[in-house]
Protein chains: 4
Amino acid sequence: MPQTHHLQPTRYHFTFGPAEPALRVQSGDTVVAPTRDSRGFNADGQPLAREAIANQGHEGYDYWPRNPLVGPIYVEGAEPGDVLAVHIERVELTRDWGFSARNVNFGSLTGEYVGHRLLLNPPLEAARLDWQIDRQRMKGVYPMPNSRLGRAEIDLHPFIGSIGVAPRFGRVETALAPGEFGGNMDCPETCAGTTLLFPVWTRGAYLYFGDVHAAQGDGELCGTAIEMAAEVQLRLEVRPGPCGDWPCAEDATHLMAIGSTRPLMDAVRLAQVELMNWLVRDYGFDFWEVWQLNSQVGTMRIGNVVDPYYSVVAKFPKRYLPD
Amino acid sequence: MPQTHHLQPTRYHFTFGPAEPALRVQSGDTVVAPTRDSRGFNADGQPLAREAIANQGHEGYDYWPRNPLVGPIYVEGAEPGDVLAVHIERVELTRDWGFSARNVNFGSLTGEYVGHRLLLNPPLEAARLDWQIDRQRMKGVYPMPNSRLGRAEIDLHPFIGSIGVAPRFGRVETALAPGEFGGNMDCPETCAGTTLLFPVWTRGAYLYFGDVHAAQGDGELCGTAIEMAAEVQLRLEVRPGPCGDWPCAEDATHLMAIGSTRPLMDAVRLAQVELMNWLVRDYGFDFWEVWQLNSQVGTMRIGNVVDPYYSVVAKFPKRYLPD
Amino acid sequence: MPQTHHLQPTRYHFTFGPAEPALRVQSGDTVVAPTRDSRGFNADGQPLAREAIANQGHEGYDYWPRNPLVGPIYVEGAEPGDVLAVHIERVELTRDWGFSARNVNFGSLTGEYVGHRLLLNPPLEAARLDWQIDRQRMKGVYPMPNSRLGRAEIDLHPFIGSIGVAPRFGRVETALAPGEFGGNMDCPETCAGTTLLFPVWTRGAYLYFGDVHAAQGDGELCGTAIEMAAEVQLRLEVRPGPCGDWPCAEDATHLMAIGSTRPLMDAVRLAQVELMNWLVRDYGFDFWEVWQLNSQVGTMRIGNVVDPYYSVVAKFPKRYLPD
Amino acid sequence: MPQTHHLQPTRYHFTFGPAEPALRVQSGDTVVAPTRDSRGFNADGQPLAREAIANQGHEGYDYWPRNPLVGPIYVEGAEPGDVLAVHIERVELTRDWGFSARNVNFGSLTGEYVGHRLLLNPPLEAARLDWQIDRQRMKGVYPMPNSRLGRAEIDLHPFIGSIGVAPRFGRVETALAPGEFGGNMDCPETCAGTTLLFPVWTRGAYLYFGDVHAAQGDGELCGTAIEMAAEVQLRLEVRPGPCGDWPCAEDATHLMAIGSTRPLMDAVRLAQVELMNWLVRDYGFDFWEVWQLNSQVGTMRIGNVVDPYYSVVAKFPKRYLPD
């Protein structure tokens, strides 16, 4: 009988990888949990206490203090070669303020390498940029006193910036990076109504999530979206394989594959190859024929061009699937 | 008094650059001309005669036989520093068949370098892929006998694959390449209802166009869209500068900038910087404030990832412009 | 009193990261150990037994069966922020045969993504290519019956293809990847007479090494060098910081920094920034002045363009250091 | 009977492409000419007069004021498909001072795109950096008052930064760019004793050269080498094809191929494919066998990572050629 688990996290992780589970669930169960924003503040604006940071097992290590994740959730029966289907049922904002930032050595136009200065130019000055959140109308407001516009009011579209499973090889990866395990993909498609499909790399899968964004443009260009606290509801399901190499997704209108790497063109290629393999494997397409069809009807979204690996979502319209 | 010129091309060019004009027009004039498909076939399916290929001035040279262009159109009064506004009024398909292709050393997933083999793997086999065009219903049909789908019927959205002005320095560039002069950008936004905004690099501008696509997915992944003959109607207008460094565009909902280069991430950066500079220059935005706003509401389309330079369209929603 | 430890490995690792030490040493100690080739064969040609593969801690995980590493060596007193100096004293080949390979989806010209097929072209056929090793004359012989040359005899220059410490964050990374922890850099500079300088990321450092190459060209273009079994002698020394972000090295003539990432140009940038920072920090150079000097006298070697991250060695001639 | 032509240039070009010849020669002839530095100053330090700048044929065009080139030299009998062999006999410095620079939006670590600002960071301040040239001892001296070193004295190794033929298609390319026509490759191998081998793209070849460097490190990292005036002596020879797609070269010890493009990894690939094709075509190698051999003995130099296209030199040691 599927259960609903209300998880109150006491520990947060800054990495994806196997660790002592926060929760053990069965295929079909639902998980509801509050998430903190990328800098660790919760719905009440409280910072993350040091004691709540999970220890990855070795003293003296350093970690990148971004994207504290809820979990890990151990899914009974999930074996390598399976697919972990994550039905995103609800991503609800739980606060009336969010923030973005001007980052020093992080972002699409700062000659950076993931926090390292990689150029001769003087660095930018860091700045925190506040956004007011109107949850009733689902609008975000940003004051622009030096612009003729004066003030911007934009539509919000909450989604999960960071969600993934343990990588393969027993590898541990930072909460800032996306990859074949999902991770910090920063893709707006990761919203309510979408089902994510993760290849299971490690028995139990070890699902983590966090870093909800109230809104974000393509690429997450400045390095930071509108960062928010939220409550997230996910229904988890183990499906037998075969599965691919990269996270996929499905919503009402599209099948999607998400490739994450640098350089950006390789993320395009990874996503496209994954999508084509899926269409061949599960929908009876001939590879060459669907490559042509996708070349004419497929679309792509640049998810992020700021993280250690860039993410691209390759999309195929479901209206062209066979019955 | 603005005129409408009906141009019947007798010569076609495989390069962008200054050359003897096919037509001289005034700012405000309209041009109507038939265009051939990327392999030179016209509305009646007739191939391009060798005599109709414009000679670039030196014997013994080689050219890349793709994208024969109509023009050049010399625009009186267009000086470097001006903007040539090209209002795309009509892109009408004039044939009932189109084609795409499997290319040997060209395309996003063939380890190519623009027709050169760049890898050790055996090459693909070239193939021509026929599409039936239903101009009444604006549908394209592609038979897929080896797929469960059997047959694909897709919506058509004609646009101009290749349109641009003479590059700077008196440079001459192939009809296959996009750049700061426009060119073979392969961006679906280049359709009826859009106004393109080209920086003028050379007195007279020397506008060329051709290579109409009936449809195309993001990236033009296989290397070839659905190639068509068409009739194109453009209204040309010279506007005083200042102008930027890359082609821009405006349609009903968005301001756009198109960056073209390799690698793909630099095309993202070029497009974004151009868009931001435009918003600051003409719409009274403070740079940092609009960089934040665009980071949350901006979108991008990958136009092509197959040409000598990749093209990315950076878009800003006009609903966020000041009155 | 410095000791010499003769390590007879019983367990081999396919990852870099904290794990139960094979050996604990003091700063100043020397370690001598036999290493297996990249496919796990030892000096007697025996394959790696399954029982000898270290378990990374979680069941059901997958690993990439290349580059089994000796270690980890726990260095007492090594703290994050220190530098672990590894003096490479001896890299001695212990076998009379080596091998290279034609790889299926791995190599600089195979449109690959680290073992994944990333293109439409048919894959290459895998092949093992045998090299005879003459240890007396330090020559390698490769038969070339289909070439006019007939047979190639080349100079050998043994070096350690893969050597590194545990990455930060408690991260675990495959033995195939290089990074800020060193790893599979595949750089010929990593030979006897060179001192490697690793930033310590984790208390104890956790040094691993293996994958000795008898010879290799720049880039390791085909994906595989001349793979060999060897005996390696290293003297380890903990030095106090400050230290940089990337592995550095010093030999008789040059200071070096090794940047590893994709794309290749970012590896160039990382290596250059690291080298410049080092010259400023330890040799009293003004940044701008040494950037100019290095722009005129510096050299670089492309270490590898086949691994998950490419490696570039930036070199500064020691003859231009102040006394 | 081969002649020696002493060319006194009256016109200088900022582009490569067909133009009215400065000189017509026969295969076997020698050309001697003075060259100006990259900013147009001659041996006497006089700037380039406006009247001496060749008009590329269209008014109102803009040009990039770097690398004024001597030529074009029309080589009688050179037809597309031939190889123009340029034996570099002498590159003699003719001045006692040179300069380098700190560039604003140009260089390997300035987040630039060829003179365009491509990032949010404040730009660098431009600076001219003077080098004293001692032609007797062939040393360059650079004062470093803010560094402990105090002053650097380096070996000079004059070479031609910019030399090439007209590109194909009747294309015209700036003097700043390298490509399949040669151009601004900025490769130290282009020195006395080397023979360059250019594919002829246009009847007559139209050879240009200039931009001599007294010295330069790998990559030309800051964007500017030690720029000098010089006298250059070249012996030109037309050889029948077949030829490849990219410039090649030969010196006492190596065969070389020079690939130029962005991103850097594609320059590696282009150079390698060209080199392998040459070895197969002219030296009787089997492709797969020489690919293996080159993977173990080949080297590469990063020529430039600052120009519109990056250049990589792939080198194969001649000692491994068959007799």
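Up top is the structure these notes are about.
Everything quoted here is computed from the prediction, not taken from an experiment.

Peer 1: Pulling in residues and values, what's your account of the relation of the copies chain B and chain A?
Peer 2: In the superposition of chain B on chain A (RMSD 0.0 Å, axial shift 0.0 Å), the rotation amounts to 180°. Accordingly, the operation relating the two chain copies is best matched by a two-fold axis. No C-alpha of chain B lies nearer the rotation axis than that of Leu264 of chain B, which sits 3.1 Å from it.

Peer 1: So what about the sheet that holds strand β22 (residues 254–261) of chain B? Which residues, and what values?
Peer 2: All names here are of chain B. If you trace the nine strands from one edge of the open sheet to the other, you get β1-β4-β20-β6-β17-β21-β22-β24-β23, paired in mixed fashion. Two strands bound the open sheet, and with one partner strand each, they are β1 (4–6) and β23 (299–304). Mean inter-strand twist for the sheet, computed between neighbouring axes without regard to direction, equals 25°. Relative to strand β21 (residues 248–250), strand β17 (residues 195–199) is paired through three bridges, and the arrangement is antiparallel.

Peer 1: Describe the packing of aromatic side chains, naming the residues involved and giving the relevant values.
Peer 2: Using the criterion set out here, one finds 26 aromatic pairs over all chains in the structure. Put simply, the rings of Phe16, Phe181 and Tyr208 of chain A pair up and form one aromatic cluster. Over the face of the ring belonging to Tyr74 of chain C we find Arg24 of chain C, whose NZ or CZ atom lies 4.4 Å from the ring centre. Between the NZ or CZ atom of Arg95 of chain D and the centre of the ring of Trp97 of chain D, over which it lies, the distance is 3.5 Å.

Peer 1: Go over the pairing of strand β18 (residues 207–213) of chain D with me, naming the residues and quoting the values.
Peer 2: All names here are of chain D. With seven of seven residues buried, β18 lies mostly within the body of the structure. Here strand β5 (residues 70–75) pairs with β18 via two bridges, running antiparallel. Within the sheet, the bridge partner assigned to Ile73 lies in β18 and is Leu207. In the sheet, strand β13 (residues 159–164) pairs with β18 via five bridges, with the strands oriented antiparallel. Looking at β18, one finds that Phe159 is bridged to His213. For β18 and strand β19 (residues 227–228), the ladder comprises two bridges, and the chain directions are antiparallel. Looking at β19, one finds that His213 is bridged to Glu227.

Peer 1: Mind laying out the state of the cysteines, listing which residues take part and the relevant values?
Peer 2: Under the criterion given, the structure shown has zero disulfides over all chains. Free cysteine: Cys248 of chain B, not disulfide-bonded; nearest cysteine sulfur from Cys243 of chain B at 9.0 Å. You can call Cys248 of chain B buried: its relative accessible area is 5%. Considering cysteine sulfurs only, Cys187 of chain C is the nearest to Cys191 of chain C, which forms no disulfide, with 11 Å between them. Taking relative accessible area as the criterion, Cys191 of chain C reaches 22% and is therefore assigned partly exposed.

Peer 1: Now, about the sheet that holds strand β21 (residues 248–250) of chain D: what can you tell me, with residues and values included?
Peer 2: Residues and elements named next belong to chain D. Strand order across the open sheet formed by nine strands is β1-β4-β20-β6-β17-β21-β22-β24-β23, with mixed pairing between neighbours. Each having just a single partner strand, β1 (4–6) and β23 (299–304) make up the two edges of the open sheet. With strand direction ignored, the average angle separating the axes of adjacent strands in the sheet is 25°. Across the sheet, helix α1 (residues 264–283) lies against β17 (195–199), β21, β22 (254–261), β23 and β24 (310–317), angled at about 140° from β22, the strand it touches most.

Peer 1: Give a description of the packing of helix α1 (residues 264–283) of chain B against helix α2 (residues 287–297) of chain B that names residues and reports values.
Peer 2: Residues and elements named next belong to chain B. Contact geometry for α1 and α2: axes closest at 10 Å, N-to-C directions at 125°. Here α1 lies oblique to α2, going by the angle between them. In this structure, α1 meets α2 at a crossing whose hand is right-handed. Mapping the contact onto sequence places Gln272, Leu275, Met276, Asn277, Leu279 and Val280 in α1 and Phe287, Val290, Trp291 and Asn294 in α2. Taken together, the residues that form the contact of α1 with α2 break down as seven nonpolar, three polar and no charged.

Peer 1: Help me get a handle on the packing of helix α1 (residues 264–283) of chain A against α1 of chain B, residues and values and all.
Peer 2: The N-to-C vectors of α1 of chain A and α1 of chain B enclose an angle of 115°; their axes lie 6 Å apart at closest approach. It follows from the interaxial angle that α1 of chain A and α1 of chain B lie roughly perpendicular. Residue-level inspection shows Leu264, Met265 and Val268 of chain A of α1 of chain A in contact with α1 of chain B, the latter providing Leu264, Met265 and Val268 of chain B. Class assignment for the residues of the contact of α1 of chain A with α1 of chain B results in six nonpolar, no polar and no charged.

Peer 1: Lay out the interface of chain B and chain A with the relevant residues and their values.
Peer 2: At the junction of the two partners, chain B supplies 61 residues and chain A supplies 61 residues. Roughly 5200 Å² is buried in total at the junction of chain B and chain A, and carbon and sulfur atoms are behind 62% of that figure. At the boundary of chain B with chain A, the tally comes to two salt bridges. Where Asp155 of chain A meets Arg319 of chain B, a salt bridge forms, and the shortest distance between an N and an O atom there is 3.0 Å. Taken together, the elements giving at least two residues each to the side of chain B that touches chain A come down to β7 (97–102), β10 (127–134), β11 (139–144), β12 (150–155), α1, α2 and β23 of chain B. Residue contributions to the side of chain B that touches chain A peak at ten residues, all from α2 of chain B. Its residues assigned to classes, the side of chain B that touches chain A shows 34 nonpolar, 16 polar and eleven charged.

Peer 1: Explain the pairing of strand β4 (residues 30–35) of chain D to me, using residue names and the numbers behind them.
Peer 2: All names here are of chain D. For β4, the tally of buried residues reaches five of six residues, placing the bulk of the element in the interior. Relative to β4, β1 runs parallel, the two sharing three bridges. By the bridge assignment, His5 is partnered in β4 with Val31.

Rules and cut-offs
Residues numbered from 1 in each chain as written. Chains lettered and ligands numbered in written order. Predicted model: local features only at pLDDT ≥ 70, side-chain atom pairs only at ≥ 80, totals over all residues. Heavy atoms only, no water. Least-squares fit on C-alpha atoms with pLDDT ≥ 70 in both. Pairing = 2+ DSSP bridges. Helix = DSSP H or I, 4+ residues; strand = E, 2+ residues; numbered from the N terminus. Axes fitted to C-alpha atoms, helices over the stretch in contact; angles between N-to-C directions. Phe/Tyr/Trp six-rings, centres within 6.5 Å; stacked < 30°, edge-to-face > 60°. Lys NZ or Arg CZ within 6 Å of the ring centre and 35° of its normal. Buried < 20%, exposed > 50% of the residue type's maximum accessible area, 1.4 Å probe, protein only. Disulfide = S-S within 2.5 Å. Contact = heavy atoms within 4.5 Å. Parallel < 35°, antiparallel > 145°, perpendicular 65-115°, else oblique. Left-handed = near helix turned anticlockwise from the far one by under 90°. Nonpolar A, V, L, I, M, F, W, Y, C, P; charged D, E, K, R; others polar. Buried area = accessible area lost by both parts, 1.4 Å probe. Salt bridge = Lys/Arg side-chain N within 4 Å of Asp/Glu carboxyl O.

These figures come from the coordinates and say nothing about function on their own.
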